[in-house]
Amino acid sequence: MELTTYAIPAYILLIIVELVSYRFLPDEDEQGYTVRDTAASLSMGLGYVALNIGWSLLYLGAYEGVARLTPLHIGTSWPAAIGVFVGWDFLYYWEHRADHRVRILWASHINHHSSQKFNLSTALRQPWTGIGNLPFGLPLVLLGFSPAAIFTAQSANLLYQFWIHTERIDKMWKPIELVMNTPSHHRVHHGSNRRYLDRNYAGVFIVWDRLFGTFEPETERVVFGLTTNIDTYNPLRVAFHEYAAIGRDLRTVSTLRDRYTVLFGTPGNALQAVRQTQTQARGQALPIL
């Protein structure tokens, strides 16, 4: 069982604490909670816990298979634990970046960004599908880290990210903001403001964003949600609406290049390909005068 599953009681307790804090310490600049949005987030979290059992078994099988191919084997020790934790955080940065830049991966990850609120319950909006992210953990297996150690590092990484989904914590001590992912940095990541799009992919250490040119500080009020919000609280629609959109777009475009773009291009390029096809179709439908 993952660390995140054991942490469910703590999640619920901290959500209640944050919810009560809005009752006694309201802030007109913070959005807080609404019943329907919170219910959707909790439903997404429960779905993730249930479906993740199957995904974890698939990942474990793949990791165990690859582990048999490598001559490297790193034992259990504190240096090994630190190495796999930092190593996974580095690979998580690239996984997360791919989630935003490859449309078929974005279809799985988009539900985490679908709420127009930003509170601890938002952290529970986890993807129900995840096969596309499997390759990102394999380098650690090839380096000799055990599948169990990798799973623990992945769970610890996700566990860390829970507390940074809040408006209740402003910017922290500057050395912490310099190195670690914080609520301020992660608010930027969840923003639909143009300057905040595709920024701050970090899991634990914000240094990856600083190194690879994707860091953006929080300088203007964050508008949470998607650039085009879905306005639904139905967990099934939240989880699968982008897959349905991809299906519609594949039926709209006609060339292999555009179909590839719809599946594997950035969400913006996919939208552009669809709009271009629609514009061409309208042009061809115009009567000859």
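The structure this text deals with has already been given above.
Since we're looking at a predicted model, the values are computed, not measured.

K.L.:
In this structure, what is going on with the pattern of salt bridges? I would like to understand it.
P.N.:
A side chain with one charge can pair with a side chain of the opposite charge if their charged atoms come near. Across all of its chains, the model carries 9 salt bridges by this definition. For the salt bridge of Arg 221 with Asp 29, the shortest nitrogen-to-oxygen distance reads 3.9 Å. Residue Arg 221 is found in the loop between helix H10 (207-212) and helix H11 (235-252), and its partner Asp 29 is found in the loop between helix H2 (8-24) and helix H3 (35-67); the two are separated by 192 residues along the sequence. With its nearest N and O atoms 2.8 Å apart, the salt bridge here joins Glu 30 to Arg 168. Here Glu 30, found in the loop between H2 and H3, pairs with Arg 168, found in the loop between helix H7 (147-162) and helix H8 (174-179); they are 138 residues apart in sequence, far enough to count as distant.

K.L.:
Looking at this structure, how should I read the side chain of Asn 157?
P.N.:
Looking at the secondary structure, you find Asn 157 in helix H7. Polar side-chain contacts of Asn 157 include one of 2.7 Å to the side chain of Gln 161. The residues contacting Asn 157, other than those within four sequence positions of it, are Phe 85, Trp 88, Asp 89, Tyr 92, Gly 203 and Val 204.

K.L.:
Can you help me understand helix H12 (residues 256-264) in this one?
P.N.:
Residues separated by three or four positions in an α-helix point in the same direction, a consequence of the helix having 3.6 residues per turn. Every buried residue belonging to H12 is among Asp 258, Thr 261 and Val 262, and all of these are buried. Mapping the buried residues of H12 onto a view down its axis gives an arc of 100°, with all of them on the same face. Residues of H12 that are exposed and point more than 90 degrees away from the buried face comprise Leu 256, Arg 257 and Tyr 260.

K.L.:
What is the right way to read the side chain of Asn 181 from this model?
P.N.:
As for its position among the elements, Asn 181 is in the loop between H8 and helix H9 (183-189). The class of Asn 181 is buried, set by a relative accessible area of 0%. A polar atom in the side chain of Asn 181 sits 3.2 Å from the backbone oxygen of Gly 203. Residue contacts for Asn 181: discarding those within four places in its chain leaves Tyr 160, Trp 163, Ile 164, His 186, Ala 202, Gly 203, Val 204, Phe 205 and Ile 206.

K.L.:
I would appreciate a short explanation of the nonpolar core in the present structure.
P.N.:
Generally speaking, soluble globular proteins have nonpolar side chains that are buried together. In this structure, Tyr 63, Val 84, Trp 88, Leu 140, Val 141 and Ile 150 are the most contacted members of the largest nonpolar core, which totals 18 residues. Looking at this core, the elements with two or more residues in it are H3, helix H4 (78-101), helix H6 (138-142) and H7. Here this core gets 5 residues from one element, more than from any other, and that element is H4. When neighbours within four sequence positions are excluded, Val 84 is seen to be in contact with Leu 140, Phe 145, Ala 149, Ile 150 and Ala 153.

K.L.:
Any chance you could explain unusual backbone geometry here in plain terms?
P.N.:
For residues other than glycine, phi is negative in most cases, and the peptide bonds are mostly trans. Positioned with a positive phi, Asn 200 is a non-glycine residue whose angle comes to about 55°. Position of Asn 200 relative to the elements: it lies in the loop between H9 and H10. The buried category is assigned to Asn 200, whose relative accessible area is 0%. Phi at Asp 231 takes a positive value of approximately 50°, unusual for a residue other than glycine. Tracing the backbone shows Asp 231 in the loop between H10 and H11. Given the relative accessible area of 63%, Asp 231 is considered exposed.

Rules used throughout
Residues numbered from 1 in each chain as written. Predicted model: local features only at pLDDT ≥ 70, side-chain atom pairs only at ≥ 80, totals over all residues. Heavy atoms only, no water. Salt bridge = Lys/Arg side-chain N within 4 Å of Asp/Glu carboxyl O. Helix = DSSP H or I, 4+ residues; strand = E, 2+ residues; numbered from the N terminus. Polar contact = N/O pair within 3.5 Å; in protein donor to acceptor, adjacent residues only side chain to side chain. Contact = heavy atoms within 4.5 Å. Buried < 20%, exposed > 50% of the residue type's maximum accessible area, 1.4 Å probe, protein only. Arc of directions from axis to C-beta. Core = buried A, V, L, I, M, F, W, Y, C linked by side-chain atoms within 4.5 Å.

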